[in-house]
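Analysis of the macromolecular model
Each chain, written out:
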Amino acid sequence: MFDMSFYKNKKIFITGHTGFKGSWLCKILSNAGARVTGYSLKPPTEPSLFEIAGIASDIHSVTGDIRDYEKLKAAFDEAQPEIVFHLAAQPIVRDSYKNPAYAYETNVMGTVNILECVRNSSCVRSFLNVTTDKVYLNKEWAWGYRENEELDGYDPYSNSKSCSELVTHSYRNSFFSDGSAAVSTARAGNVIGGGDFANDRIIPDCIRAACRKEDIIVRNPYSTRPYQHVLEPLYAYLMIAARQYEDISFSGWYNVGPDDADCFQTGALVSLFTEKWGEGIKWVSRYDGGPHEANFLKLDCSKLKTTFGWKPRWNLETAVEKTVEWSRCWISGGDVRECMDKQAAEVLAE
């Protein structure tokens, strides 16, 4: 793991900072002594990790829509960031079927807008666009997708993130080939962790059901996904952004996911959760007739491992344990900020 002291006093701009990943990222960077400005809509869930953990007290938080270029640019120009993490997105597959135009406006034009801010500035040295493992044309094959595979997501969410990748590629080639800024994307697998309250995500659904002492409903127990604790990709993002800041040759496209052993079927993941939670909870399979979602998806992360010597720190069993630990801390009224700091330090110490 790289030295987080790199980020001390660095000026950082994060889009989507009020979301699940964004809140954890802000906390980590604040602890490292970075000067963080976040730009995002209000927290997307109720409750939200951003508010529960008091993240606003750690950073300069600006409420705004990524689609509003003028407001975004004003916040960006005031911050004068050296490093930009672009996380703002409409992130839910099933929601993208309900309102595809919003998904494309946010995920595609939002990417254009933040890259325009970078293009029209002279302060940024490192830009990272966080996309998803779902950007690939999914052929339902048993091996992991590599960074040179075709990008063509099926549903509006996945496809809009494929487009976000292509926008980033075009800007990198067209405007940053002179080395003025290092530009990369990170295609991450499914994340779990304390403080995720989103709808239509399996672990938040598990926690809600457990709190109500109800059976957990699993709509597709045989779908296979690369699950990882949220801290795993976040530290990978921080590593990529730092290394390309120092050496632009590290810029590029990177898969960020767990080892093959942690590509689980959803039913197996939920069984692991019920074991760690206890209290006799159980799950039932109940398909709800929803829209198309991929059955099998896995990433080949050889490039990230070879380039940086990176490796996952926590297997899925540990990731679930840490998620349960945070959730029980929150439910009991404990200090969730302290729990976050403890878990973030534990990953670094591995």
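About the thresholds
- Numbering of residues begins from 1 in every chain and follows the order in which that chain's sequence is written.
- Given that the model is predicted, a residue must reach a pLDDT of at least 70 before its local features are reported, and side-chain atom pairs must reach 80 or more before they are shown or counted; all residues, however, enter totals for whole chains, interfaces and linings.
- The basis for the side-chain values is all heavy atoms of the structure; hydrogens and waters are excluded.
- Strand pairing requires that DSSP identify at least two bridges connecting the strands.
- Only DSSP runs of H or I reaching four residues or more are called helices, and only runs of E reaching two or more are called strands; each is numbered from the N terminus.
- Every axis corresponds to a line fitted to the C-alpha atoms, with the helix fit spanning only the stretch in contact, and the corresponding angles, defined between N-to-C directions, vary from 0 to 180 degrees.
- To estimate how far a helix should reach, multiply one less than its number of residues by 1.5 Å.
- Each residue gets one of three labels from its accessible area relative to the maximum for its type: buried under 20%, exposed over 50%, partly exposed in between, using a 1.4 Å probe on protein chains only.
- Note on definitions: a residue-residue contact is assigned when non-hydrogen atoms from the two residues lie within 4.5 Å.
- Side-chain atoms alone can form a polar contact between residues adjacent in sequence; in general such a contact is a pair of N or O atoms within 3.5 Å, and within protein one must be able to donate a hydrogen while the other accepts it.

So, on to the sheet that holds strand 3 (residues 60–63). One open sheet accounts for seven strands, arranged 3-2-1-4-5-6-10; its pairing is parallel. Since the sheet does not close on itself, it has two edges, and those belong to strand 3 and strand 10 (253–256), each with one partner. Neighbour-to-neighbour, the strand axes of the sheet open up by a mean angle of 15°, direction not taken into account. For strand 6 (residues 182–188) and strand 10, the ladder comprises four bridges, and the chain directions are parallel. What sits directly across from Ala 188, in strand 10, is Val 256.

This part takes up helix 8 (residues 231–246). Between the first and last C-alpha of helix 8 there are 23 Å, a value that for 16 residues agrees with the 22 Å anticipated at 1.5 Å per step. Along helix 8, 14 of the 16 residues are buried, which leaves the element largely enclosed by surrounding structure.

Let us now look at the sheet that holds strand 11 (residues 263–265). Strand order in the open sheet formed by three strands is 7-9-11, and the pairing between neighbours is mixed. Two strands lie at the open edges of the sheet, namely strand 7 (190–192) and strand 11, each paired on one side alone. Shown here is a sheet whose adjacent strand axes are inclined to one another by a mean of 50°, direction ignored. Two elements, strand 7 and strand 9 (residues 224–229), share three bridges in a ladder whose sense is parallel. Considered in strand 9, the bridge of Ile 192 is made with His 229. Contacts between helix 8 and the sheet are confined to strand 7 and strand 9, with strand 9 contributing the most and set at about 70° to the helix.

Take the environment of Asn 255 next. Tracing the backbone shows Asn 255 in strand 10. Exposure remark for Asn 255: the relative accessible area of 0% places this residue in the buried category. The spacing of Asn 255 and Leu 299 is 44 residues in sequence and 6.6 Å in space, taken between C-alpha atoms. Contact partners of Asn 255, with chain neighbours within four places excluded, come to Tyr 136, Tyr 145, Arg 146, Glu 147, Arg 187, Leu 299, Asp 300, Cys 301 and Leu 304. A polar atom in the side chain of Asn 255 sits 3.0 Å from the backbone oxygen of Asp 300.

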